Amino acid sequence: MADDLLSQPADHRSGHIVIVGKPNAGKSTLFNVLVGERLAIISPKPQTTRNNILGILTTSRSQMLFLDTPGLLDPRYRLHELMHHQIQAGLKSADVLLGIVDASDFKRTFDEDTQKAFQKSGIPLILALNKTDLVTPDEVKHYKTVVEQSLNPQTILAVSAIEGTQIPELLTTLEQALPLGPQFYPEDMLADQPERFFVAELIREAIFTQLRQEVPYAIAVKVEEFRENRPKTYIFANIIVEKNSQKGIVIGKGGKMLKNIGKNARKNIEEFLESPVYLDLHVKVYENWRKKDALLQNLGYLASKPY
Ligand SMILES: Nc1nc2c(ncn2[C@@H]2O[C@H](COP(=O)(O)OP(=O)(O)OP(=O)(O)O)[C@@H](O)[C@H]2O)c(=O)[nH]1
Ligand SMILES: [Mg+2]
């Protein structure tokens, strides 16, 4: 570590960049692209992300600590309140706020509440107008003007997380906005959550992708056992639902749905762990877990640290 510090140039920068925006604006997709690793799960459904996720990007010039957060929403459940607390906690240590607006859904993702959240506590604001691949250049120009006139951010960039448009420019802008200082974390560290967390998230992603309507929102995943056996890592995970009827949906006819969820999740987990995996999935009912603090804590949604 001492050697690392000595080798860092005097103009080395480091700090926290907190990504904030409405559900489905593309925060997690952009976070993964900026960090250069698939750490956050993504789905076409809003409210996919429930926890803050730290991703560390270390170069010879800087250490950028990106924080993906849940989408801004009006809390309807205790779970939503906790998601909201995560955003607030993340903002407390932010050096830069990276606001994300969806150009293909501008009105919803740049409403009054979002603007207020972006202006919060005077944190320097850099704004990414995302999904520009879905709109015309004229629309991009118009939305940029609207943002400039209403918020006057430090910088506004029109990007596409999916196509990689303006990502190098965004990285340079963010790096320059960070304070001078040494690294916070060792240079080979990418994240601070344990592997179990990412495994549970990848199972949740498979559920978000495969189950329709409201069921994914009533689901949590808990990894109960994680053993790095040879030749396969053994993982036992419970899929938690709120009611018996949901249990039936997750299992599906003759167990077909659960089998499919397992197949898709296993593929992504194997890629993430770079190891073959035996995934043992079970379904369990925790009645109304989204409203009960004890269960929310048990599932990792309460008292999880922002960084
Ligand atoms: N066309 C296009 N789609 C995008 C882009 N960025 C994200 N998406 C899609 O938008 C959807 C939502 O992306 P997420 O990254 O999960 O959005 P999020 O803001 O993290 O959503 P929450 O976690 O629910 O708040 C997914 O289907 C992505 O593939 C983009 O630049 N262009
Ligand atoms: Mg997300």
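These numbers were taken from a predicted model, which means no experiment stands behind them. (Residues numbered from 1 in each chain as written. Chains lettered and ligands numbered in written order. Predicted model: local features only at pLDDT ≥ 70, side-chain atom pairs only at ≥ 80, totals over all residues.)

Engineer: Is there a simple way to think about the overall build of the protein in this case?
Structural biologist: For the protein, the count of helices and strands is 11 helices and nine strands. In terms of overall dimensions, the protein is globule-like: its C-alpha atoms have a radius of gyration of 20 Å, near the 19 Å expected for 307 residues. Summarising its shape, the C-alpha atoms of the protein cover approximately 55 × 50 × 35 Å along the three principal directions. Pairs at least 24 residues apart make up 69% of the contacts formed inside the protein by residues separated by at least 6 positions. (Helix = DSSP H or I, 4+ residues; strand = E, 2+ residues; numbered from the N terminus. Rg over C-alpha atoms; globule rule 2.2 N^0.38 Å. Contact = placed C-beta atoms within 7 Å.)

Engineer: Explain the environment of Lys-243 here, please?
Structural biologist: Looking at where Lys-243 falls in the secondary structure, it is placed in the loop between strand S8 (233–241) and helix H9 (244–251). In the structure, Lys-243 is positioned 235 residues away from Gln-8 in sequence and 54 Å away in space, judged by C-alpha atoms.

Engineer: Help me understand the domain arrangement of the protein in this model?
Structural biologist: Reports of interface size often rely on the accessible area that becomes lost once the parts have come together. The assigned domain composition of the protein is domain 1 (2–177) and domain 2 (195–298). Distance from the C-alpha centre of domain 1 to the C-alpha centre of domain 2: 28 Å. Between domain 1 and domain 2, the residue contacts involve 10 residues of the former and 13 residues of the latter. Its residues assigned to classes, the side of domain 1 that touches domain 2 comprises five nonpolar, three polar and two charged. (Domains from an automatic or database assignment. Nonpolar A, V, L, I, M, F, W, Y, C, P; charged D, E, K, R; others polar.)

Engineer: For this particular structure, what's the right way to read the site of ligand 1?
Structural biologist: The local shell around ligand 1 holds 24 residues, among which Gly-26, Ser-28, Thr-29, Thr-49 and Gly-71 are the closest. No other element matches the three residues that helix H2 (residues 27–35) contributes to the shell around ligand 1. Classifying every residue of the shell around ligand 1 by side-chain character gives nine nonpolar, 12 polar and three charged. (Near = placed C-beta within 6 Å.)

Engineer: Just checking my understanding: could you explain the sheet that holds strand S5 (residues 125–130) for this structure?
Structural biologist: The pairing of strands in a sheet comes from backbone hydrogen bonds and takes either a parallel or an antiparallel form. On the basis of which strands lie adjacent, the open sheet formed by six strands has the order S2-S3-S1-S4-S5-S6 and mixed pairing. Strand pairing shows two members of the sheet lacking a second neighbour, strand S2 (53–58) and strand S6 (155–158), which therefore form its edges. Averaged over all adjacent pairs, the angle separating strand axes in this sheet is 20 degrees, with direction ignored. Across five bridges, the pairing between strand S1 (residues 13–21) and strand S4 (residues 96–102) is parallel. Looking at S4, one finds that Ile-17 is bridged to Val-96. The sheet strands contacting helix H6 (residues 137–151) are S4, S5 and S6, and the helix crosses S5 at an angle near 155 degrees. (Pairing = 2+ DSSP bridges. Axes fitted to C-alpha atoms, helices over the stretch in contact; angles between N-to-C directions.)

Engineer: Would you take a moment to explain the packing of helix H8 (residues 195–210) against helix H10 (residues 256–273) for this structure?
Structural biologist: Two elements in contact, H8 and H10, have axes whose closest approach is 9 Å; the angle formed by their N-to-C orientations is 140 degrees. Regarding the angle of H8 to H10, the classification is oblique. Helix-helix and strand crossings are classified by hand; for H8 and H10 the assignment is right-handed. Across the interface between the two elements, Glu-195, Phe-198, Val-199, Leu-202, Ile-203, Ala-206, Ile-207, Thr-209 and Gln-210 of H8 pack against Asn-260, Ile-261, Asn-264, Ala-265, Asn-268, Ile-269, Phe-272 and Leu-273 of H10. Classifying every residue of the contact of H8 with H10 by side-chain character gives 11 nonpolar, five polar and one charged. (Parallel < 35°, antiparallel > 145°, perpendicular 65-115°, else oblique. Left-handed = near helix turned anticlockwise from the far one by under 90°.)

Engineer: Honestly, the sheet that holds strand S7 (residues 220–227) in this entry has me stumped. Any pointers?
Structural biologist: Spatially, S7-S8-S9 is the arrangement adopted by the three strands of the open sheet, whose pairing is mixed. Strands at the two margins of the open sheet, each flanked by one partner only, are S7 and strand S9 (277–285). Across the sheet, the mean angle separating the axes of adjacent strands is 20 degrees when strand polarity is ignored. Summarising the sheet, S8 and S9 pair through nine bridges and their orientation is parallel. Note on S9: the bridge partner recorded for Ile-240 is Lys-284. Where H8 meets the sheet, its contacts fall on S7 and S8, and the angle it forms with S7 comes to roughly 135 degrees.

Engineer: Help me out: how do you make sense of unusual backbone geometry in this one?
Structural biologist: The phi angle of most residues is negative, glycine excepted, and most peptide bonds adopt the trans form. In this structure, Pro-231 follows Arg-230 across a cis peptide bond, with omega equal to 0 degrees. Position of Pro-231 relative to the elements: it lies in the loop between S7 and S8. Even without being a glycine, Gln-47 presents a positive backbone phi close to 65 degrees. Mapped onto the elements, Gln-47 comes out in the loop between H2 and S2. Judged by C-beta crowding, with 17 C-beta atoms within 10 Å, Gln-47 ranks as partly exposed. Backbone geometry at Glu-274 places phi at a positive 55 degrees, although glycine is not the residue there. Looking at the element boundaries, Glu-274 is found in the loop between H10 and S9. Classification of Glu-274 by C-beta neighbours within 10 Å gives exposed; the count is 6. (Buried ≥ 20, exposed ≤ 12 C-beta atoms within 10 Å, placed from the backbone.)

Engineer: Would you explain the pairing of S1 in this entry?
Structural biologist: For a regular strand, side chains alternate in direction, first toward one face of the sheet and then toward the other. Counting buried positions along S1 yields nine of nine residues, so the element is predominantly enclosed. Burial of the side chains of S1 extends over both faces: Arg-13, Gly-15, Ile-17, Ile-19 and Gly-21 are buried on one face and Ser-14, His-16, Val-18 and Val-20 on the other. Two elements, S1 and strand S3 (residues 62–68), share seven bridges in a ladder whose sense is parallel. Pairing of Arg-13 across the sheet is with Ser-62, part of S3.

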